[in-house]
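# Geometric and topological summary
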Amino acid sequence: MMKKKSVSARKASLVLFLCQMISALDVPLDSKLLEELSQPPTITQQSPKDYIVDPRENIVIQCEAKGKPPPSFSWTRNGTHFDIDKDAQVTMKPNSGTLVINIMNGGKAEAYEGVYQCTARNERGAAISNNIVIRPSRSPLWTKEKLEPNHVREGDSLVLHCRPPVGLPPPIIFWMDNAFQRLPQSERVSQGLNGDLYFSNVQPEDTREDYICYARFNHTQTIQQKQPISVKVFSTKPVTERQPVLLTPTGSTSTKVELRGNVLLLECIAAGLPTPVIRWIKEGGELPANRTFFENFKKTLKIIDVSEADSGNYKCIARNRLGSAHHVISVTVKAAPYWITAPRNLVLSPGEDGTLICRANGNPKPNISWLANGVPIAIAPEDPSRKVDGDTIIFSHVQERSSSVYQCNASNEYGYLLANAFVNVLAEPPRILTPANKLYQVIADSPALLDCAYFGSPKPEIEWFKGVKGSILRGNEYVFHDNGTLEIPVAQKDSTGTYTCVARNELGKIQNEVHLEVKDPTMIIKQPEYKVIQRYGQVSFECVIKHDSTLLPTIIWLKDNDELPDDERFLVGKDNLTIMNVTDKDDGTYTCIVNTTLDSVSASAVLTVVAAPPTPAIIYARPNPPFDLELTGQLERSVELSWIPGDENNSPITNFVIEYEDGLHEPGVWHYQTEVPGTQTTVQLKLSPYVNYSFRVIAVNEIGRSQPSEPSEQYLTKSANPDENPSNVQGIGSEPDNLVITWESLKGFQSNGPGLQYKVSWRQKDVDDEWTSVIVANVSKYIVSGTPTFVPYEIKVQALNDLGYAPEPSEVIGHSGEDLPMVAPGNVQVHVINSTLAKVHWDTVPLKTVRGHLQGYKVYYWKVQSLSIRSRRHVEKKILTFRGNKTFGMLPGLEPYSSYKLNVRVVNGKGEGPASPDKVFKTPEGVPSSPSFLRITNPTLDSLTLEWGSPTHPNGVLTSYILKFQPINNTHELGPLVEIRIPANESSLILKNLNYSTRYKFYFNAQTSVGSGSQITEEAITIMDEAGILHPAVGAGKGKEDWKKEIVNGSRSFFVLKGLTPGTAYKVRVGAEGLSGFRSSEDVFETGPAMASRQVDIATQGWFIGLMCAVALLILILLIVCFIRRNKGGKYPVKEKEDAHADPEIQPMKEDDGTFGEYSDAEDHKPLKKGSRTPSDRTVKKEDSDDSLVDYGEGVNGQFNEDGSFIGQYSGKKEKEPAEGNESSEAPSPVNAMNSFV
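Bringing the overall build of the chain into the picture now. Regarding its fold elements, the chain presents 5 helices and 89 strands. Per-residue burial over the chain gives 43% buried out of 1238 residues. Relative to all contacts within the chain whose residues are 6 or more apart in sequence, the contacts with residues 24 or more apart total 65%.

Dropping the structure here:
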């Protein structure tokens, strides 16, 4: 029992600590605040773990850190203290921990090989760097060897071995000839991963003596060359074809181990004639999509970003028409440690709790160890607030002396991870970071956000007040954000005023005032209208606006969403646009845009231009072409051209266009030269050397252009040096090891002479290299091979011809080819802002590892599962791209209460780098959506049954349902609102004790711990009963039927009809109305001494027959008296009431069918007619009926006798009493259900 209790207590305490950890303080990124707060050291920059240096240059080992107070730095070398003061060659940069080892002044790089570690320390703790292994690069010379010529028979295979010297890092291998040209490669001839050159079969053209293997050592920028290899192919006829045989790898199987996240390269090169074709498969699976690439003519299988799932057997198959060969490579993917949860900095208040969590994975699983201030935690000074539990450190009731920097080390045989995370215990009074008296201006009916950025430890509580002596702001009209911001979702004019933000904690209180001004929206009260105008007419568009008097509006007019033409015909007034002398090109859409500093509105209208009525007296036409062209004053670079204008055809010539033809370079193609006003007939033309010119002239008037004139005589200018160099010079690599230099070639006439060529020069930037130059023919591209990956180059391209060079060209900067980025962004952190928005942070990758132009970062994120529904679905990854060197981004549109994963990748011009480890984060609960449905069934007199479905998107754990309802009377006024809270696990409810024949409106929504979701509404009514009685027709069918109507309590199943005449036929109708509509049935019976009622079994008893006969006789006498009085013009009380309350809507009995005007036939169940006293919403409107018993007695709830007969139904009493006072009446009970009448 004791053991169980301790386990439970441990679980409870862990939950508590996790909750406290979530509530740890966030320090705003305010520079002034950060300068004032004490903070343990944080390593901000350090050299890579494996640091290969150039032995010819000074060694710089980076170690930068921040903290308050600024940290001091120390170093260890090979595990012991490194005293830099004792070594004259070693210095430390001021205010930095970066070491500079002076190699260029006599030091030797080999003497400083070793493992270095930096420590940054201040009074609040010590942070340490990774172990930085320093090794100088090596580029040894090729060992001398005597190479015999290779004599090979045509069709045989051949391998030329490179065997480069072992360097650090390993060299890049490529094969070239004596002219420094890459040897062509194909499916038949290709270079293997080990640098050897493989021939699947040799051909006579392979004979040559300059097969040279080169090794490029990037760190030292040196290239070593192997002795040339000679290959001589001799032919034998016929050439024997051979089936495939694998040259590499050998045997039938081999193994390969690769690390997670690396690039897996598998190679198969086969010999055979014809040349075999290579195909790759994965046994028992598919090659991973989007990560698989084939290189070296499909001889190399490349899988990027490998994971444990890529382990397995990969088979390469070499096939030609004679057969096939195969090889199986067994691949095992191991993993160096990678983060699942890296420890994060904790900022706590004294007495608070928190946790540091360090979780990593790998293959094999890494070992987790903790250090405190760089010392193993087991031997570090004790801290009573600290408890280590495996990969977690639990802090409870921390004090300011608990501030430290903790290091988590996760390691296995393939590597290690080291992360620093500090615990900073602060006791700070509240501070408000938002500037005082800040003014906010918004437009009415739009949201207003008033900032109150704050900090304090413990975390302050924020309250908002309006006005000088205003009360604290609360209620649904305000939204209070966790960062202190006050949101007014719909700001009104009365929202204008001064708002005070108060921040307080146990150490103090501070307040800040901000001001809000709500402006009237800008409106266009008179918009431009569609216009049709004749050509050469005048048109005006209006744009009259109304705006807030404190805002300064600006009005902009656009034509077809572009600026107005720069034409004096367009006149822009204060509130209109006028176009004078309208032409066809003015046709289009004109838009008026009104801008203020807070809002913008616009309105558009279309202008249609139609032809003006014709004027037959004058015919306008294009001018006739000029003629008689003459060249005079010929010089090397100029000539004078003159002409005679043609007829202008009633439209003045506005200008002349001069064009030229280069008969030497582009015969038949005319180019624009210049244009002159229509009053000018001569022009001095500038010429280029080495062009055979011809000229022609075109006249232009308002109607159009004339036909071109006849060409002038030809004039050939002398040759000269080029005047200009190629434009748009660029250097962009197409492969990681080349530089493609391109330019726009000079046009023919720009060459200035024959023999146009280009001198292409390049050199590596920031390296004291000489220019490398080559002269190429008249082309526009040159490829430089064997370059380092993504290195800046200075480039220039100079034109030359047979007479000489163009002026010295300007230099441009280009880059050799990009390669995929090498590393993933680190320290990926996710801050969940609310249930639908998160902010992701990451550290930028070192620019050297980008290996290209940094274009930005891509965040891949996807929903793993909903935390409320717990149902997995197809994972749809979403991608957001953040341009530039950003370190954060926002993830919008998240689903509340869900688990997400994300990773971040750096992007350059080549593509994406490896992904960071997947980061898991969860969104908090939100308010739910509305219930999926609300149905109201089983209506009775006093109850309704409600059924509902749970929300489609619960967005959290449902805590309850809220049901609100209220009655609606016949004037559509709402009664008192009743609220019921229903447990979340219920799906139906029976509402009892309702009023009969009453309409109710229901409001239903669901709740989570965050709040209520949107509501769904429904309406329903309880049911009622009605009965109708037909009085006998007097005069043997003469006259009209007179129906008498009685309202009967729904709880009864019978009703006694009194006052009937013996021996008379009666028709009775019983009707009921509910949600399903009106239902009724009829029957006919006849009174008489010998006939019993057909509707009750008691009629067969003798005593009842006698009683009924007596009653019938009395009623008959009464009816006869009434009939006589009516014939004499007398009026009984009912008649008086009818005359006094005549209602035009009451329908008389129809003569054709004898039915009530207010009822439809029972057989066809048609809707109630307009004259019905039952309104369309199925409730009885008591005041609408002049035939209601309310007007004749004591109201609709009048008293009944025990036998069900109505008391005082024909009394003359007019005073109405409340229904509640009729104690003897049977009030309509909401407990009873609707019963049908007999």
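Here we take up the environment of valine 532. Turning to its location among the elements, valine 532 is positioned in strand 48 (residues 531–534). Since its relative accessible area comes to 49%, valine 532 is described here as partly exposed. Aside from chain neighbours lying at most four places away, what touches valine 532 is Thr608 and Val610.

In this section: the sheet that holds strand 72 (residues 826–834). Spatially, 3 strands are ordered 72-73-76 in an open sheet, and the strand pairing comes out antiparallel. Looking at the sheet topology across the chains shown, the edges are occupied by strand 72 and strand 76 (888–891). Within this sheet the neighbouring strands show an average axis-to-axis angle of 20 degrees, counted without direction. As paired elements, strand 73 (residues 837–843) and strand 76 share 4 bridges and run antiparallel to each other.

Note that the residue after leucine 273, namely proline 274, is joined by a cis bond; omega there is 0 degrees. Positionally, proline 274 belongs in the loop between strand 23 (269–273) and strand 24 (277–282). Here serine 457 and proline 458 are connected by a cis peptide whose omega angle stands at 5 degrees. Even without a glycine there, the phi angle at lysine 298 is positive, about 65 degrees. In this structure, lysine 298 sits in the loop between strand 25 (292–295) and strand 26 (300–303). Notably, asparagine 827 is not glycine yet its phi reads approximately 50 degrees, a positive angle. As for its placement among the helices and strands, asparagine 827 is situated in strand 72. Under the relative-accessibility criterion, asparagine 827 is labelled partly exposed at 44%.

Right, let's talk about the pairing of strand 80 (residues 944–951) for a bit. Taking burial as the measure, the 8 residues of strand 80 include 6 buried ones, the bulk of the element. Judged from the 6 bridges that link them, strand 79 (residues 931–937) and strand 80 form a sheet pairing that is antiparallel. Bridged to threonine 937 within strand 80 is threonine 945. The antiparallel hairpin formed by strand 79 and strand 80 contains 6 residues in its connecting segment, where asparagine 938 sits at a positive phi of about 50 degrees.

Turning our eyes to something else, we now look at the sheet that holds strand 53 (residues 570–572). Here 3 strands make up an open sheet; going across it, the order is 49-54-53 and the pairing antiparallel. Two strands close off the open sheet at either side, each with one partner strand: strand 49 (539–542) and strand 53. On average, each strand axis in the sheet is tilted by 15 degrees relative to the strand beside it, whichever way the strands run.

What follows covers the nonpolar core. Grouped together as the largest cluster of nonpolar side chains are 29 residues, with contacts concentrated most on Ile59, Ile61, Trp75, Ile101 and Tyr116. Elements with a minimum of two residues in this core: strand 3 (59–61), strand 4 (63–68), strand 5 (72–77), strand 8 (99–101), strand 9 (114–122) and strand 11 (132–136). In terms of nonpolar packing, the next biggest core, distinct from the first, is built from 22 residues, Ala372, Ala380, Ile393 and Tyr406 among them.

Of note, tyrosine 961 is situated in strand 81 (residues 960–968). Tyrosine 961 gets classed as buried once you look at its relative accessible area, which sits at 2%. Along the primary structure tyrosine 961 and alanine 1006 are separated by 45 residues, whereas in three dimensions their C-alpha atoms are 4.4 Å apart. Those residues within four positions of tyrosine 961 in sequence are excluded, and the remaining contacts are Trp948, Ser950, Pro951, Ile980, Arg981, Ile982, Pro983, Ala984, Glu986, Phe1004, Asn1005 and Ala1006.

Before going further, it helps to spend a moment on the pattern of salt bridges. Per the stated rule, a full pass over the model turns up 39 salt bridges. For glutamate 463, the salt bridge identified is with arginine 504, shortest N-O distance 2.8 Å. Here glutamate 463, found in strand 42 (residues 461–466), pairs with arginine 504, found in strand 45 (residues 497–505); they are 41 residues apart in sequence, far enough to count as distant. Residue glutamate 463 is classed as partly exposed on the basis of its relative accessible area, which comes to 22%.

Attention now moves to the state of the cysteines. Taken as a whole, this structure holds 6 disulfides when the rule is applied. With a sulfur-sulfur separation of 1.9 Å, cysteine 268 is cross-linked through a disulfide to cysteine 316. Between cysteine 268 and cysteine 316, the S-S torsion sits near -70 degrees, and that sign places the bridge as left-handed. With cysteine 268 in the loop between strand 22 (264–267) and strand 23 and cysteine 316 in strand 27 (residues 312–320), this pair connects stretches of sequence that are 48 residues apart. Taken as a pair, cysteine 268 and cysteine 316 share a single burial class, namely buried. Here cysteine 543 is linked by a disulfide to cysteine 592, with a sulfur-sulfur distance of 1.9 Å. The sign of the -60 degrees torsion about the S-S bond sets the cysteine 543-cysteine 592 disulfide as left-handed. Taken together, the positions of cysteine 543 in the loop between strand 49 and strand 50 (544–546) and cysteine 592 in strand 55 (residues 588–595) put the pair 49 residues apart, joining distant regions of the chain. A relative accessible area of 1% means that cysteine 543 is categorised as buried. By sequence-ordered numbering of the bonded cysteines, the chain has its disulfides arranged as 1-2, 3-4, 5-6, 7-8, 9-10, 11-12.

A separate point is the packing of aromatic side chains. Following the criterion strictly, the structure yields 21 aromatic pairs and no others. Note on tryptophan 643 and phenylalanine 656: the rings are 5.4 Å apart at their centroids and 65 degrees apart in plane angle, and the pair reads as edge-to-face. One end of the pair, tryptophan 643, is in strand 58 (residues 638–644); the other, phenylalanine 656, is in strand 59 (residues 655–662), and 13 residues separate them in sequence. Taking relative accessible area as the criterion, tryptophan 643 reaches 4% and is therefore assigned buried. Here the aromatic residues Phe174, Phe180 and Tyr214 are joined through ring pairs into a cluster of three or more. Sitting over the face of the ring of tryptophan 771, lysine 796 holds its NZ or CZ atom 4.4 Å from the ring centroid.

This part covers the side chain of serine 200. Its place among the elements puts serine 200 in the loop between strand 16 (197–199) and strand 17 (208–217). Within the local environment of serine 200, its side chain forms a polar contact with the backbone oxygen of alanine 270, the two atoms lying 2.6 Å apart. Beyond its immediate stretch of four places on either side in the chain, serine 200 contacts Asp156, Ser157, Glu187, Arg188, Ala270, Ala271, Gly272, Thr275, Pro276 and Lys299.

So, on to the side chain of glutamine 798. Within the secondary structure, glutamine 798 is located in strand 69 (residues 792–801). Polar contacts involving the side chain of glutamine 798 include one to the main-chain carbonyl oxygen of alanine 806, which spans 2.8 Å. Excluding residues that lie within four positions of it along the chain, glutamine 798 makes contacts with Asn725, Gln757, Tyr758, Lys759, Tyr805, Ala806, Pro807, Glu808 and Pro809.

Along the chain, the position of leucine 946 falls in strand 80. Here leucine 946 falls in the buried class, since its relative accessible area comes to 0%. Residues leucine 946 and phenylalanine 1002, spaced 56 residues apart in sequence, show a C-alpha to C-alpha distance of 9.7 Å. Contacts of leucine 946, omitting those with residues within four sequence positions, involve Leu934, Arg935, Ile936, Leu963, Ser987, Ser988, Leu989, Leu991 and Phe1002.

In this section: the confidence of the model for the chain. Residue-level pLDDT values for the chain average 83, and 84% of them are 70 or greater. This stretch, residues 1–23, has a pLDDT under 50; its non-local contacts, to residues over four places away or in other chains, come to 15 contacts. Counted against residues more than four places away or in other chains, residues 1129–1238, with its pLDDT under 50, gives 189 contacts.

The rules behind each value
Residues numbered from 1 in each chain as written. Predicted model: local features only at pLDDT ≥ 70, side-chain atom pairs only at ≥ 80, totals over all residues. Heavy atoms only, no water. Helix = DSSP H or I, 4+ residues; strand = E, 2+ residues; numbered from the N terminus. Buried < 20%, exposed > 50% of the residue type's maximum accessible area, 1.4 Å probe, protein only. Contact = heavy atoms within 4.5 Å. Pairing = 2+ DSSP bridges. Axes fitted to C-alpha atoms, helices over the stretch in contact; angles between N-to-C directions. Core = buried A, V, L, I, M, F, W, Y, C linked by side-chain atoms within 4.5 Å. Salt bridge = Lys/Arg side-chain N within 4 Å of Asp/Glu carboxyl O. Disulfide = S-S within 2.5 Å. Phe/Tyr/Trp six-rings, centres within 6.5 Å; stacked < 30°, edge-to-face > 60°. Lys NZ or Arg CZ within 6 Å of the ring centre and 35° of its normal. Polar contact = N/O pair within 3.5 Å; in protein donor to acceptor, adjacent residues only side chain to side chain. pLDDT = per-residue confidence, 0-100.

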